[in-house]
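Residue strings, one per chain:
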Amino acid sequence: MDERILARYPREVVLKNGSKVFLRPLREDDVERLYDFFLNEVSEEDLMLLKDNVKDYYVVENWCRNLDYDRVFPLVAQDEGGRIVGNATLHHREYGWSRQVAKIRVLTCLGCRGLGLGTAMVKELLEVAQIMGLSKVMAEVLSSQKAAMDALEKLGFQRVACIPGLARDYKGREHDMCVYVYTVTPQWDAF
Ligand SMILES: CC(C)(COP(=O)(O)OP(=O)(O)OC[C@H]1O[C@@H](n2cnc3c(N)ncnc32)[C@H](O)[C@@H]1OP(=O)(O)O)[C@@H](O)C(=O)NCCC(=O)NCCS
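Thresholds applied
- Residues numbered from 1 in each chain as written.
- Predicted model: local features only at pLDDT ≥ 70, side-chain atom pairs only at ≥ 80, totals over all residues.
- Helix = DSSP H or I, 4+ residues; strand = E, 2+ residues; numbered from the N terminus.
- Rg over C-alpha atoms; globule rule 2.2 N^0.38 Å.
- Buried ≥ 20, exposed ≤ 12 C-beta atoms within 10 Å, placed from the backbone.
- Contact = placed C-beta atoms within 7 Å.
- Near = placed C-beta within 6 Å.
- Nonpolar A, V, L, I, M, F, W, Y, C, P; charged D, E, K, R; others polar.
- Pairing = 2+ DSSP bridges.
- Axes fitted to C-alpha atoms, helices over the stretch in contact; angles between N-to-C directions.
- Core = buried A, V, L, I, M, F, W, Y, C linked by C-beta atoms within 7 Å.
- Parallel < 35°, antiparallel > 145°, perpendicular 65-115°, else oblique.
- Left-handed = near helix turned anticlockwise from the far one by under 90°.

Student: So what exactly am I meant to see when it comes to the overall build of the protein here?
Tutor: Of the regular secondary structure elements, the protein holds 6 helices and 8 strands. Its helices and strands taken in sequence order, the protein reads α-β-β-α-α-α-β-β-β-α-β-α-β-β from the N to the C terminus. Computed over the C-alpha atoms, the radius of gyration of the protein is 16 Å, within 12% of the 16 Å expected from 2.2 N^0.38 for a compact globule of 191 residues. Seen through its C-alpha atoms, the protein measures out along the principal axes to roughly 50 × 40 × 35 Å. Scored against the burial criterion, the 191 residues of the protein give a buried share of 28%. Here the contacts in the protein between residues at least 6 apart in sequence split such that 61% fall between residues at least 24 apart.

Student: Looking at this model, I keep getting lost on the environment of H91. Mind explaining?
Tutor: Note that H91 resides in strand β4 (residues 84-92). Each C-alpha atom of the pair H91 and L67 lies 12 Å from the other, and the pair is 24 residues apart in sequence. Excluding residues that lie within four positions of it along the chain, H91 makes contacts with V72, A102 and K103.

Student: Looking at this model, I keep getting lost on the site of the ligand. Mind explaining?
Tutor: With respect to spatial proximity, 22 residues lie near the ligand, and among them G118, T119, A147, A148 and D150 are the closest. Taken together, the elements giving at least two residues each to the shell around the ligand come down to β5 (101-108), α5 (117-131), β6 (136-142) and α6 (146-154). Broken down by element, the shell around the ligand gets its largest block of residues, 6 residues, from α6. Here the shell around the ligand is built from residues that sort into 10 nonpolar, 6 polar and 6 charged.

Student: Would you take a moment to explain the sheet that holds strand β2 (residues 20-25) for this structure?
Tutor: Consider a sheet: its strands pair through backbone hydrogen bonds, and that pairing is either parallel or antiparallel. If you walk across this open sheet you meet the 8 strands as β1-β2-β3-β4-β5-β6-β8-β7, and the pairing is mixed. A strand with exactly one partner marks an edge of an open sheet, and here the two such strands are β1 (11-14) and β7 (158-168). Mean inter-strand twist for the sheet, computed between neighbouring axes without regard to direction, equals 25°. Where β4 lies against β5, 7 bridges are found, and the strand directions are antiparallel. Looking at β5, one finds that L90 is bridged to I104.

Student: Looking at this structure, I do not really get the nonpolar core. What am I missing?
Tutor: Judged by nonpolar contacts, the single largest core of 45 residues is most densely connected at L34, A77, I104, L117, M121, V122 and L125. Tallying contributions element by element places α5 first for this core, with 8 residues. Leaving out residues up to four positions away in the same chain, V122 has contacts with A88, I104, V106, A151 and L155.

Student: I keep staring at the pairing of strand β8 (residues 174-183) and nothing clicks. Help me out?
Tutor: Consecutive side chains of a regular strand alternate in pointing toward one face of the sheet and then the other. Alignment of β6 against β8, held across 7 bridges, turns out to be antiparallel. By the bridge assignment, L142 is partnered in β8 with M177. As paired strands, β7 and β8 are joined by 7 bridges and run antiparallel to one another. Bridge assignment links R168 to a residue of β8, and that residue is E174. Once β7 ends, the chain turns through 5 residues before running back antiparallel as β8, passing G172 with a positive phi of about 85°.

Student: What's the story with the packing of helix α2 (residues 31-40) against helix α4 (residues 57-65) in this structure? I'm lost.
Tutor: Pairs of packed helices are described in terms of their axes, by the angle between the two and the distance that separates them. Packing of α2 against α4 brings their axes to within 9 Å, and their N-to-C directions diverge by 135°. When the interaxial angle is binned, α2 and α4 end up oblique. As α2 packs across α4, the resulting crossing turns out to be right-handed. Each of V31, L34, Y35 and F38 in α2 lies in contact with α4, whose residues at this interface are Y57, V60, E61 and C64. When grouped by side-chain class, the residues that make up the contact of α2 with α4 number 7 nonpolar, no polar and 1 charged.

Put into structure tokens, the structure is as follows:
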């Protein structure tokens, strides 16, 4: 992992209500905090649309114990009381045709929606992608995730495809899956 990325943290963000959160990479000792976030800070509806079963303690434990920031860069937002209130990840492959591309995922706590946290976390990961020298960042969003679509479009992501009924949640409901792409501006010092 590029030293310039790790040197950015902890990074303070002031939310629209004046409260502060700190962005930093996920650590090995975050298991309880991250599990608590998934269990108590987001809705059942949010969880149903995730790709992993985060209600399974071992899934969360496995993420924290097997960190590899070059493959998955997981960013958390911690409030002043120490609680995790947001989780966003940048997934990247070092080899193959998609090595210039990363996928992003973001989830913020129910109590802090609309305060600018999701935007701040995505912006931060876009800067990380820029430092990593990546050229595209993609997001897969389900048609029911309207806030995510709004947030990504405001940040400059473009919807490039929408596949009807591709996703099915745990209740068996189908959702369209839309692909968003952001083109990263290369850093001047990369040349
Ligand atoms: C998408 C998500 C991360 C946004 O987080 P957030 O902390 O509310 O983000 P922000 O406060 O920066 O809001 C960004 C934009 O989202 C939209 N938004 C936020 N809350 C919203 C709400 N309750 N209803 C509709 N749109 C909303 C707005 O367009 C907002 O922009 P604005 O502040 O300029 O009006 C959050 O809603 C979430 O975790 N959703 C569930 C998971 C998800 O959909 N992830 C995306 C898949 S990658």
